[in-house]
Amino acid sequence: MNNRTETPYQHITVSPLAGALGAEIGGVDLARPLDDATLAEVRRAFLENLVIFFRDQDLSPEAHKAFARHFGELHVNTYFPTVEGHEDVQLIVKEPSDVKNIGDRWHSDVTYKKQPALGSLLYAKETPAAGGDTMFSNMYLAFESLSEGMREMLRGLDGYHSAKERFQEIVADAAKPNQGGAGFTFQEGFEQEAVHPAIRTHPETGRDALYVNSSFTQRFDGLTVEESQPILKFLFDHVGRPEFTCRFHWTPGSLAFWDNRCAQHYAINDYNGHRRHMNRVTVLGDTPFLASRKDPARVAA
């Protein structure tokens, strides 16, 4: 079941990219202030499609952040390199000599925080002529397609999320020649671990979505890594099923805005020898909860 309605849009155009999720939005210049009616339709398209794309935008870091702030507080990421003068605009750059890229696994952003990301807004400054696409996957569908027994089991589990292992790996790779990840730093003392329901209820749509990811979910709370791994491996493979996904080809001036509460993404590393430069702004959200849990102490206030 998807969340798209038949009610027409009056102020923007919305062109679905795939059956599962994703739509290109037209009729919007994000460098200019949006009126309330247009912004309301952009919000609706975001909730209905999980990830929305805008082409041919000319965005300064200030305009990028101004659009993002319509949706919440911006995240200052202590690991990523940033645009000079803008600590809340992360740089995601792969140089022609780099072998690895950032984000080449199915994941949701910033789930290691107690209040993780609502959404991420990735803006393309420079892209290869071919390759460098990003895939997105619908976590509502990933959850709903599981067997009743698996859904019931996951409703009782919490995932332990940690950034430490993943970002230490990136920083270590960056110290090697041509590995990618230049400018990443790892510092102790910042919030980098959290426990969240394995299934979370979206606070705006009310739908339940799978909420574990291969970058940051290390194990289930109360279980060992060894006990958790068979289930997690199945789920990490499951989220990438083709019928849950869409694929976006970047061109300079494109912006993607995805809902980290119910979607995951995967940056495809198939453009060695070419440069790709993206700016990312991340919007923080609420504390994840599962509405159907009987124990009120385990449901976020």
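The preceding data block contains the structure.
Numbering of residues starts from 1 in each chain and follows the order in which that chain's sequence is written. Local features are withheld for residues below a pLDDT of 70 in this predicted model, meaning they are given only at 70 or higher, and side-chain atom pairs are given and counted only at 80 or more; totals for whole chains, interfaces and linings count all residues. Calculation of side-chain values draws on the structure's entire complement of heavy atoms; hydrogens and water are dropped beforehand.

Engineer: Explanation requested: the overall build of the protein chain in the structure shown.
Structural biologist: Helical segments are the DSSP runs of H or I of at least four residues, strand segments are the runs of E of at least two, and each set is numbered from the N terminus. Of regular secondary structure, the protein chain possesses six helices and 16 strands. For the protein chain, the share of sequence-separated contacts (at least 6 apart) that also reach a separation of at least 24 residues comes to 81%. Pairs of residues are marked as contacts when any of their non-hydrogen atoms sit within 4.5 Å.

Engineer: Explanation requested: the packing of aromatic side chains in the structure shown.
Structural biologist: Aromatic ring pairs: the centre-centre distance and the angle between the two ring planes describe each pair. When two rings of Phe, Tyr or Trp (its six-membered ring) have centres within 6.5 Å they constitute a pair, described as stacked for plane angles under 30 degrees, edge-to-face for angles over 60, and tilted for the intermediate range. According to the stated counting rule, one finds 13 aromatic pairs in the structure shown. Aromatic pair F67 and F257: ring centres 6.1 Å apart, planes at 75 degrees, arrangement edge-to-face. Of this pair, F67 sits in helix α2 (residues 61-68) while F257 sits in strand β14 (residues 255-259); the two residues are 190 residues apart in sequence, bridging distant segments of the chain. Ring centres of F136 and W258 lie 5.4 Å apart, and the angle between their planes is 55 degrees; this geometry places the pair in the tilted category. A residue pair is termed long-range when its members are at least 10 positions apart, and F136 in strand β7 (residues 134-138) and W258 in strand β14 qualify at 122 residues.

Engineer: Please clarify how the side chain of R261 should be interpreted in this entry.
Structural biologist: Summarising the element assignment, R261 is placed in the loop between β14 and β15 (263-267). You can call R261 buried: its relative accessible area is 3%. Polar contact is the term for a pair of N or O atoms within 3.5 Å; when the atoms are in protein, one must be able to donate a hydrogen and the other to accept it, and sequence-neighboring residues count only if both atoms are side-chain atoms. Of the polar contacts made by the side chain of R261, one reaches the side chain of E204; its length is 2.9 Å. Only 2.8 Å separates the side chain of R261 from the side chain of D259, close enough to count as a polar contact. With residues up to four places along the chain from it excluded, the contact list for R261 reads F46, L47, A117, L118, R200, H202, P203, E204, A209, Y211 and D286. Between buried and exposed lies partly exposed: a residue is buried under 20% and exposed over 50% of the maximum accessible area for its type, with that area taken using a 1.4 Å probe on protein chains only.

Engineer: Can you walk me through unusual backbone geometry in this structure?
Structural biologist: Across the chain, the bulk of peptide bonds are trans and the bulk of non-glycine residues have phi less than zero. One non-glycine residue, L50, lies in the positive phi region at around 70 degrees. Tracing the backbone through its elements, the reader meets L50 in the loop between α1 (36-49) and β3 (51-54). Its identity as a non-glycine residue notwithstanding, V110 has a phi of 60 degrees, on the positive side. Tracing the backbone shows V110 in the loop between β5 (86-94) and β6 (117-126). A relative accessible area of 3% places V110 in the buried class.

Engineer: Just to check I follow, could you spell out the environment of Y112 for this structure?
Structural biologist: With respect to the helices and strands, the residue Y112 is situated in the loop between β5 and β6. Judged by relative accessible area, which is 2%, Y112 ranks as buried. Sequence separation of Y112 and S215 is 103 residues, and the distance between their C-alpha atoms is 9.7 Å.

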